[in-house]
Amino acid sequence: MMKKGISSAFIALVLLFMYFPILIIAVYSFTDAANIGTISSFSLQNYITLFTTEELKDMILGSLLLAVGSAALATILGTLGAIGSFYSKKRTRTAMSVLNQVPVVNADVVTGFSLCILLVVVLGVSKDTYVPLVAGHVVLSAPFVYLAVIPKLKQMDSSLYEAALDLGASPAYALFKVVLPQIVPGIVSGFALAITLSLDDYFIATYTKPATFDTISTYVVNATKGSQTETKTALWALSTVIFLIVIIVVVIMNIAGRNG
């Protein structure tokens, strides 16, 4: 009984450390306080500022388009890589698995700086084309898509693909009609994770983005260094909205998974 109580207390403490700061930001987003720690009255001004300021709207829209676009490319590459690895020989599969782990454990600042050197300095690709930025986010996200898809492939009956070929299906038909439907949950999870990684990234975006473009992460860092109080406090509202959207998506995915 005592062991169970200690375990519950430890879990509660961990959850408190994880969610209490977010709760504080959410509460202050509904006030007219200029700084966290001051007592102020209820206000929706932060949300009004968030959804009416052109600068903030352009930044959010640009970040979302970048996240969805790079996540789509990363999902395609990561899924194809996972399928190719799964149906390869053991030595090739092991090599691909090891190589895929390098970008996962590598520091983002190293990845961002390396891509900047390769694409901008060596190949001469202008940052204004957004190619370095998109490429950086694809490189960041694709390995995680790979890791999300591989377990679903391992759960699948590996003989299904060969059976489809034996029955006369072409390799492409067997891939799209037999293999992909079996691993859809992994693909969806990888896509959602890729969007999150893109929205969360700061270092790669800093090195590869055009000078006139800001993602949510780079904008938040730059805003906290400045003196624009109204914009700063509107970011509390943005954080709250993002957190609520994440909760809704997680709940929907869990419900869909149980029903499936």
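Reading the values: rules and limits
- Residues numbered from 1 in each chain as written.
- Predicted model: local features only at pLDDT ≥ 70, side-chain atom pairs only at ≥ 80, totals over all residues.
- Heavy atoms only, no water.
- Helix = DSSP H or I, 4+ residues; strand = E, 2+ residues; numbered from the N terminus.
- Buried < 20%, exposed > 50% of the residue type's maximum accessible area, 1.4 Å probe, protein only.
- Contact = heavy atoms within 4.5 Å.
- Areas by Shrake-Rupley, 256 points an atom, 1.4 Å probe, with all protein chains shown as cover.
- Lys, Arg positive; Asp, Glu negative; His and termini not counted.
- Charge placed at Lys NZ, Arg CZ, Asp CG, Glu CD.
- Core = buried A, V, L, I, M, F, W, Y, C linked by side-chain atoms within 4.5 Å.
- Expected span 1.5 Å × (residues − 1).
- Bend = angle between axes of the 7 residues up to and from the residue.
- Axes fitted to C-alpha atoms, helices over the stretch in contact; angles between N-to-C directions.
- Parallel < 35°, antiparallel > 145°, perpendicular 65-115°, else oblique.
- Nonpolar A, V, L, I, M, F, W, Y, C, P; charged D, E, K, R; others polar.
- Phe/Tyr/Trp six-rings, centres within 6.5 Å; stacked < 30°, edge-to-face > 60°.
- Salt bridge = Lys/Arg side-chain N within 4 Å of Asp/Glu carboxyl O.

Caption draft 1: Up close: the overall build of the protein. A tally of regular secondary structure across the protein gives twelve helices and zero strands. The N-to-C order of helical and strand elements in the protein reads α-α-α-α-α-α-α-α-α-α-α-α. When each of the 260 residues of the protein is scored for burial, the buried share is 33%. Restricting the contact set of the protein to residue pairs at least 6 apart, pairs at least 24 apart contribute 69%. Carbon and sulfur atoms make up 70% of the accessible area of the protein, which amounts to about 15600 Å² in all. One way to put it: in the protein the 15 positive side-chain charges average out to a point 15 Å from where the 13 negative ones average out.

Caption draft 2: View of the nonpolar core. Counting residues in each nonpolar core, the largest one holds 24 residues, and the members touching the most others are Ala-82, Ile-83, Val-149, Leu-153, Val-179, Leu-180 and Ile-183. It is helix H6 (residues 131-155) that provides the largest number of residues to this core, a total of seven residues. Residue contacts for Ile-83: discarding those within four places in its chain leaves Leu-153, Leu-175, Val-179, Leu-180 and Ile-183. Judged by nonpolar contacts, the second largest core, of twelve residues, contains Tyr-47, Met-59, Ile-60 and Ala-234.

Caption draft 3: Geometry of H6. Counted at 1.5 Å a residue, the expected span for H6 with its 25 residues is 36 Å, and the 36 Å between its end C-alpha atoms agrees. Its maximal kink placed at Ser-141, H6 deviates by approximately 30 degrees, while the proline Pro-143 follows within four residues.

Caption draft 4: Highlighting the packing of helix H2 (residues 45-52) against helix H3 (residues 54-86). Across the interface, H2 lies against H3 with an axial gap of 5 Å and an inter-helix angle of 70 degrees. Between H2 and H3, the angle falls in the class roughly perpendicular. Of the residues in H3, those in contact with Thr-49, Leu-50, Phe-51 and Thr-52 of H2 are Glu-54, Leu-56, Lys-57 and Ile-60. Across the contact of H2 with H3, the residue classes tally to four nonpolar, two polar and two charged.

Caption draft 5: Just the packing of aromatic side chains, in detail. A full pass over the atoms with the stated rule returns nine aromatic pairs. A ring pair is formed by Tyr-87 and Tyr-161, whose centres lie 5.2 Å apart and whose planes are at 45 degrees; its orientation type is tilted. Residue Tyr-87 is found in the loop between H3 and helix H4 (90-105), and its partner Tyr-161 is found in helix H7 (residues 159-166); the two are separated by 74 residues along the sequence. The class of Tyr-87 is partly exposed, set by a relative accessible area of 29%. Residue Tyr-161 is classed as buried on the basis of its relative accessible area, which comes to 18%.

Caption draft 6: Just the pattern of salt bridges, in detail. Inspection of every chain in the model, using the stated rule, returns two salt bridges. Lys-57 is the salt-bridge partner of Glu-54, the closest N and O atoms lying 3.2 Å from each other. Of this pair, Glu-54 and Lys-57 both sit in helix H3, separated by three residues, roughly a single helical turn. Given a relative accessible area of 48%, Glu-54 falls into the partly exposed group. Note that Lys-209 is salt-bridged to Asp-214, the shortest N-O span being 3.6 Å. Accessibility expressed as a relative area gives 14% for Lys-209, which makes it buried. Classification of Asp-214 as partly exposed rests on a relative accessible area of 23%.

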